Amino acid sequence: AGERFYEHGTMAYCELHYRKLFGDPCFYCCKSAADEIIQFNKTWCEDHFTCHGCDGQIKHNNSKFLEIDLLPYCKKCYGKLPEELKKRLKKAAESLERKKPAKK
C-alpha cells in the first residue's frame, strides 16, 4: 500500500514486476521506453532525452551534451551558465577523475 506502480495497457504492476516484464521505465514519463537511452544510470525514451535548460531534443548518438546534477544539457545552454558555476563544475569533474583508480 502506498507504493509506486506502473501501468502497461490496462494493468498496474509494482516496480519489480514491471521491470522484469517490460524493462526500465522512462525517467521522464514512467512508461516503457521502446527506443531506450540509458544515461546517468537512468532510462529515457528517445523523445524525452532533452536538454534540461531549453527542452531541445538531444540525439543520443550526438555526444554534444553535458551532465549537470545527472541531467543532460546541450552545449548552448551550458555556455549560458555563469562562469563561476562552470568553473566549479569543471573543478568537481577534475576531482572525480583524480579519484578514479588507475587502469592496469
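Everything quoted here is computed from the prediction, not taken from an experiment.

Procedures and definitions
- Residues numbered from 1 in each chain as written.
- Predicted model: local features only at pLDDT ≥ 70, side-chain atom pairs only at ≥ 80, totals over all residues.
- Heavy atoms only, no water.
- Helix = DSSP H or I, 4+ residues; strand = E, 2+ residues; numbered from the N terminus.
- Rg over C-alpha atoms; globule rule 2.2 N^0.38 Å.
- Buried < 20%, exposed > 50% of the residue type's maximum accessible area, 1.4 Å probe, protein only.
- Contact = heavy atoms within 4.5 Å.
- Areas by Shrake-Rupley, 256 points an atom, 1.4 Å probe, with all protein chains shown as cover.
- Salt bridge = Lys/Arg side-chain N within 4 Å of Asp/Glu carboxyl O.

Asker: Describe the overall build of the chain, listing the residues and the values that go with them.
Answerer: Along its length, the chain carries 3 helices and 6 strands. Listed by position from the N terminus, the elements making up the chain come as β-β-α-β-β-β-β-α-α. Since a compact globule built from 104 residues should have a radius of gyration of about 13 Å, the 17 Å found for the chain marks it as more spread out than a globular shape. Seen along its three principal axes, the alpha-carbon backbone of the chain occupies a region of about 50 × 35 × 30 Å. Of all 104 residues assigned to the chain, the portion counted as buried reaches 25%. Of the contacts made within the chain by residues no fewer than 6 positions apart, 15% connect residues no fewer than 24 positions apart. Summed over all atoms, the accessible surface of the chain reaches about 8,300 Å², with 52% contributed by carbon and sulfur.

Asker: Can you lay out the pattern of salt bridges for me, pointing to particular residues and giving the numbers?
Answerer: For the structure on display, the rule yields 2 salt bridges. One salt bridge connects Lys-86 with Glu-83, and the closest N-O pair in it is separated by 2.9 Å. Of this pair, Lys-86 and Glu-83 both sit in helix 3 (residues 83-99), 3 residues apart, which is roughly one turn of the helix. Between Glu-84 and Arg-88 there is a salt bridge, with its nearest N and O atoms 3.2 Å apart. Here Glu-84 pairs with Arg-88, and both are found in helix 3, just 4 residues apart, close to one helical turn. With relative accessibility at 58%, the residue Arg-88 sits in the exposed group.

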